[in-house]
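Below, each chain spelled out in residue letters.
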Amino acid sequence: MLELADYTFYFLAALVLISGIAVITAQNPIFSALWLALTMIGVAGIFVSLDAWFVAGVQLIVYAGAVMVLFVMVIMLFDLRHEIHAFSRGILSGFLKLASAGIVLGLIVGTVYRSAETVFAPPPVETDKMADVTKALANTLFTKYIFSFEVIGVLLLVIAIGAVTLSRIRGGTHASHD
Amino acid sequence: MNMQLLQDVVLVSPLIALFAMSLLPVMMKVFQGNREPNPYVTLFIGFIGLSLATGLTAALSGADKTAFSGAIVFDGITAWMSYLVYLITAVALMLSFDHVATRGRQFAEFVFLMLSSVLGMIILIMSNDLIVTFIGIETMSLCLYILCAMSKEDVLSKEAAFKYFILGSFASAIFLYGIAFIYGTVGSTIFPDILESVGTLISTNTLFVVGLAMVTLGFAFKVSVFPLHAWTPDVYHGAPTPVTAFMATAVKASTFVAFLRLFESEGYGDAVQFQNVLQWLAVLTMLIGNVAAVMQDNFKRMLAYSSIAHSGYIMVGLIAAGFGNNFDAGATSVIFYLFSYALMTLGTFAVVAMFEKAENSTVGMNELKGMANRYPLLSLSLTVLLLSLAGIPPTLGFFGKFYLFSAAIEQDMYWLVLWGVINSVISVYYYLRPIVMMYMSDDVPVEIVGTNGMTRLTVIFTAALIVVLGLMSSPVLKAVQRSVTNLF
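Remember, it's a predicted structure, so these values are computed and weren't measured experimentally. (Residues numbered from 1 in each chain as written. Chains lettered and ligands numbered in written order. Predicted model: local features only at pLDDT ≥ 70, side-chain atom pairs only at ≥ 80, totals over all residues. Heavy atoms only, no water.)

Draft legend 1. Quick look at the overall build of chain B. Secondary structure summary: chain B contains 20 helices and two strands in total. Relative to its 488 residues, chain B shows a buried fraction of 62%. As displayed, chain B offers around 17000 Å² of accessible surface, 68% of which is attributable to carbon and sulfur atoms. Here chain B carries 21 positive and 27 negative side-chain charges, and the mean point of each set is 10 Å from the other. (Helix = DSSP H or I, 4+ residues; strand = E, 2+ residues; numbered from the N terminus. Buried < 20%, exposed > 50% of the residue type's maximum accessible area, 1.4 Å probe, protein only. Areas by Shrake-Rupley, 256 points an atom, 1.4 Å probe, with all protein chains shown as cover. Lys, Arg positive; Asp, Glu negative; His and termini not counted. Charge placed at Lys NZ, Arg CZ, Asp CG, Glu CD.)

Here's what the structure looks like:
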């Protein structure tokens, strides 16, 4: 017998799969990036359903940032006038844009309004489940997996230096720009 | 706890030394206002890093223990393979210093990337945990993707880098997916835990088998074994030759060690189907590599296919180690073969590097015509190297193959050895062709131009080493054997 949690999982899994496929089949790079964002949200949803709140939060924050960077890269690297045009025309998309702007605005206003109560209220005493999971994660990450964690630092350095190196290669057809 | 951590850090001190030294040239470049430091200084720092790491490894050898909650292991295999990778890197750095595509304005970054790649390889060799293995593979590969692209503006090099990057990412994804399955079924990513439960899980749990197959495919991509070998010729051809030499030897050596560690279990004994699949992969790898190599006119491409074929031979030893009842004998033969393969491949690619005058020139077989008249010592060295690749006694290559195949025969894998021998016979044809071109033609040979003192030294050094080690192969084998079986 399927329970609610199962349905949630299958829904999220389908969402991740479909949007993942859409990332690579979408013709328009902007759509591709948006589908990628949806994939990330789906994965975050799966983490939430596993009670891994911290990982879900990190997933959203980090990958939202990554998708933003992707957007910048896409706009920088491609000549997208046509695609942007196609993307931002029509009544439906105009309505969607207005609606999403409204939702974001509502969220911000709501958060500010609601947080006034919490900020001035005394802090809650009990540590909830979320904090426990985060603490356990930190403990594992910085004791058992410390070696892997440190090596990933090296990996990131390699990526940074490598990207700069590749972009600075001069010679051949690039030589004329010197 | 703190003492424990200190011991663990001491055990990875070769890595730390290597990393610190690899940063030095780049830092110098930054502090000198982005001016490229003197390439001799960069090269010298690279050598210091490598010798420091070698020294520390030697000082620690015999430790034979695990560190960081069992994530890495420092045993005889670690020490021997680390020496090999450091040696390969030193030679590859010398080749890069001479070669037209890699010297120049970004030598500091080049050395940094190459040493970081070595860092990944040593992590891979030390790894006792699938997660660490994955991170090692990624560190190694990411550096290689960039190194491939660093031939200044060669179209082939860019194409090679891109192909390697996209296909490599795909293989990494498969590998990671396999780790997830194995973790899901075993409940741990540490090798001893996995190897303990192999025996029961491999015949009962489909998910575990799927995971194992995916991890195997991930390794197969890195060492270019049959279904995932197709990238090899293009990437090896397109990359700058010193980088190709480095990839063909060091990557294979380190990845095969991690692969080997996954087979250190009695549990595979009953997994007949898995063994059959791997055997066919080995046979097809040998066949495809050798048959395609026969048809090549480009020297570098021929060597690329030949390196695929050699992966097939090494798979024979791997299967003998994993599915037989004597892991140590199989592992010894694999490590010995990796040593001999690395030496002869490095030397041969060094000859290719010498013939490349411009960045996008390629060496056809015809360019070797009449070389013996003009460069007798070089021709003799190349002859030794090629004969060793073909496995003709008394060279090191012959003994490598001999030990590999006898390890398989010990496990009654006659069928596999038969294929290995047939393939060796095929390979003789294309290894002899350059030799015939060099000695049996009166054409005026191509002139070798440019600075290549160190490359020339490499060719002669590797050829000499192959003959010397070939003549005294049995003490070397015994030394390897002792370290594998941990009888210090």
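Draft legend 2. Expanded view of the environment of serine 116 of chain B. For serine 116 of chain B, the position within the fold is in helix α5 (residues 107–126). Among the residues examined, serine 116 of chain B registers a relative accessible area of 1% and is labelled buried. Separated by 94 residues in sequence, serine 116 of chain B and serine 22 of chain B have C-alpha atoms that sit 7.1 Å apart. Apart from the residues lying within four places of it in its own chain, the contact partners of serine 116 of chain B are Val158 of chain A together with Ser22, Thr139 and Cys143 of chain B. (Contact = heavy atoms within 4.5 Å.)

Draft legend 3. Examining the interface of chain A and chain B more closely. Listed per partner, the contact involves 25 residues of chain A and 31 residues of chain B. Buried area between chain A and chain B, summed over both chains or domains, comes out near 2400 Å², and the portion from carbon and sulfur atoms is 77%. In terms of surface lost to chain B, no three residues of chain A exceed Phe147, Val158 and Ile169 of chain A, which account for 25% of the buried area on that side. Taken together, the connections running from chain A to chain B amount to zero salt bridges. Our count for the chain A to chain B interface comes out at one residue pair in polar contact (both at pLDDT 80 or more). Of all elements in the fold, only α6 (129–144) and α7 (146–168) of chain A reach the threshold of two or more residues within the side of chain A that touches chain B. At 15 residues, α7 of chain A tops the list of elements feeding residues into the side of chain A that touches chain B. Looking at the side of chain A that touches chain B residue by residue, the class counts come to 13 nonpolar, eight polar and four charged. (Buried area = accessible area lost by both parts, 1.4 Å probe. Salt bridge = Lys/Arg side-chain N within 4 Å of Asp/Glu carboxyl O. Polar contact = N/O pair within 3.5 Å; in protein donor to acceptor, adjacent residues only side chain to side chain. Nonpolar A, V, L, I, M, F, W, Y, C, P; charged D, E, K, R; others polar.)

Draft legend 4. Region of interest: the packing of helix α10 (residues 231–238) of chain B against helix α13 (residues 299–323) of chain B. Residues and elements named next belong to chain B. One way to put it is that α10 packs onto α13 with a least axis distance of 9 Å and a crossing angle of 135 degrees. When the axis of α10 is compared with that of α13, the two are oblique. Relative to α13, α10 is oriented so that their crossing is right-handed. In this structure, α10 uses Thr232, Pro233, Asp234, Tyr236 and His237 to contact α13, whose residues at the interface are Lys300, Arg301, Ala304, Tyr305, Ser307 and Ile308. When grouped by side-chain class, the residues that make up the contact of α10 with α13 number five nonpolar, three polar and three charged. (Axes fitted to C-alpha atoms, helices over the stretch in contact; angles between N-to-C directions. Parallel < 35°, antiparallel > 145°, perpendicular 65-115°, else oblique. Left-handed = near helix turned anticlockwise from the far one by under 90°.)

Draft legend 5. Highlighting the side chain of serine 224 of chain B. Mapped onto the secondary structure, serine 224 of chain B falls in the loop between α9 (206–222) and α10. With relative accessibility at 0%, the residue serine 224 of chain B sits in the buried group.

Draft legend 6. Representation of α5 of chain B in the model. In this model, α5 of chain B (20 residues) spans 28 Å end to end at C-alpha, consistent with the 28 Å of a helix rising 1.5 Å per residue. Where burial is concerned, most of α5 of chain B is hidden: 20 out of the 20 residues are buried. (Expected span 1.5 Å × (residues − 1).)

Draft legend 7. Region of the structure containing a nonpolar patch on the surface. Residue and element names in this part refer to chain A. On the surface, Phe31, Leu34, Trp35, Leu38, Ile41, Phe54, Val58, Leu60, Ile61, Val62, Tyr63 and Leu137 cluster together to form a nonpolar patch covering roughly 1000 Å² of accessible area. Per-element accounting of the nonpolar patch gives the leading share, six residues, to helix α3 (residues 53–77). Among the secondary structure elements, isoleucine 61 is positioned in helix α3. Taking the relative accessible area as the measure of exposure, isoleucine 61 reaches 65% and is therefore exposed. (Patch = residues over 30% accessible without salt bridge, like charges linked within 9 Å, V, L, I, M, F, W, Y side chains within 5 Å.)

Draft legend 8. A look at the confidence of the model for chain A. Residue and element names in this part refer to chain A. Residues at a pLDDT of 70 or more form 76% of chain A, whose mean pLDDT is 78. Mean pLDDT values over the elements of chain A span from 63, in helix α4 (residues 81–87), up to 89, in helix α1 (residues 4–25). Across residues 172–178, where pLDDT falls below 50, the model places six contacts with residues more than four positions away in sequence or in other chains. (pLDDT = per-residue confidence, 0-100.)

Draft legend 9. Fine view of the nonpolar core. Residues and elements named next belong to chain B. Counting 182 residues, the largest nonpolar core has Met81, Met247 and Tyr268 as the members making the most contacts within it. Element by element, the count of residues in this core is highest for helix α14 (residues 327–355), at 19 residues. Non-local contacts of methionine 81, meaning those with residues more than four positions away in its chain, are made with Ile125, Ala253, Val257, Ile335, Leu338 and Phe339. (Core = buried A, V, L, I, M, F, W, Y, C linked by side-chain atoms within 4.5 Å.)

Draft legend 10. View of the packing of aromatic side chains. Residues and elements named next belong to chain B. Taken as a whole, this structure holds 30 aromatic pairs over all chains when the rule is applied. Their ring planes at 10 degrees and their centres at 6.1 Å tell us that phenylalanine 134 and phenylalanine 175 sit as a pair that is stacked. Here phenylalanine 134, found in helix α6 (residues 130–149), pairs with phenylalanine 175, found in helix α7 (residues 155–186); they are 41 residues apart in sequence, far enough to count as distant. Accessibility classification places phenylalanine 134 together with phenylalanine 175 in one group, the buried group. (Phe/Tyr/Trp six-rings, centres within 6.5 Å; stacked < 30°, edge-to-face > 60°.)

Draft legend 11. View of helix α11 (residues 241–261) of chain B. Between its first and last C-alpha, α11 of chain B extends 30 Å over 21 residues, near the 30 Å set by a 1.5 Å rise per residue. Approximately 25 degrees is the largest bend angle found in α11 of chain B, and it occurs at methionine 247 of chain B. (Bend = angle between axes of the 7 residues up to and from the residue.)

Draft legend 12. Summary view of unusual backbone geometry. Omega for the peptide link from proline 393 of chain B to proline 394 of chain B comes to 5 degrees, which places this bond in the cis form. Residue placement: proline 394 of chain B occurs in the loop between α16 (376–390) and α17 (396–410). Even without a glycine there, the phi angle at aspartate 51 of chain A is positive, about 65 degrees. Among the structural elements, aspartate 51 of chain A can be located in the loop between α2 (29–49) and α3. The exposure class assigned to aspartate 51 of chain A is partly exposed, which follows from its relative accessible area of 30%. Despite not being glycine, serine 224 of chain B has its phi angle at roughly 50 degrees, a positive value.

Draft legend 13. Representation of the pattern of salt bridges. All names here are of chain B. Taken as a whole, this structure holds seven salt bridges over all chains when the rule is applied. Aspartate 75 is the salt-bridge partner of arginine 261, the closest N and O atoms lying 3.1 Å from each other. Of the two residues, arginine 261 is situated in helix α11 and aspartate 75 in the loop between β2 (72–74) and α4 (76–98); the sequence distance between them amounts to 186 residues. We classify arginine 261 as buried; its relative accessible area is 5%. The partner of arginine 301 in a salt bridge is aspartate 234, and the shortest N-O contact between them spans 2.9 Å. Within this pair, whereas arginine 301 is found in helix α13, its partner aspartate 234 is found in helix α10, the two being separated by 67 residues in sequence. Residue arginine 301 is classed as buried on the basis of its relative accessible area of 19%. Judged by relative accessible area, aspartate 234 falls into the partly exposed class, the value being 25%. Linked through salt bridges whose partners overlap, the residues forming this network are Glu159, Lys163, Asp234 and Arg301.

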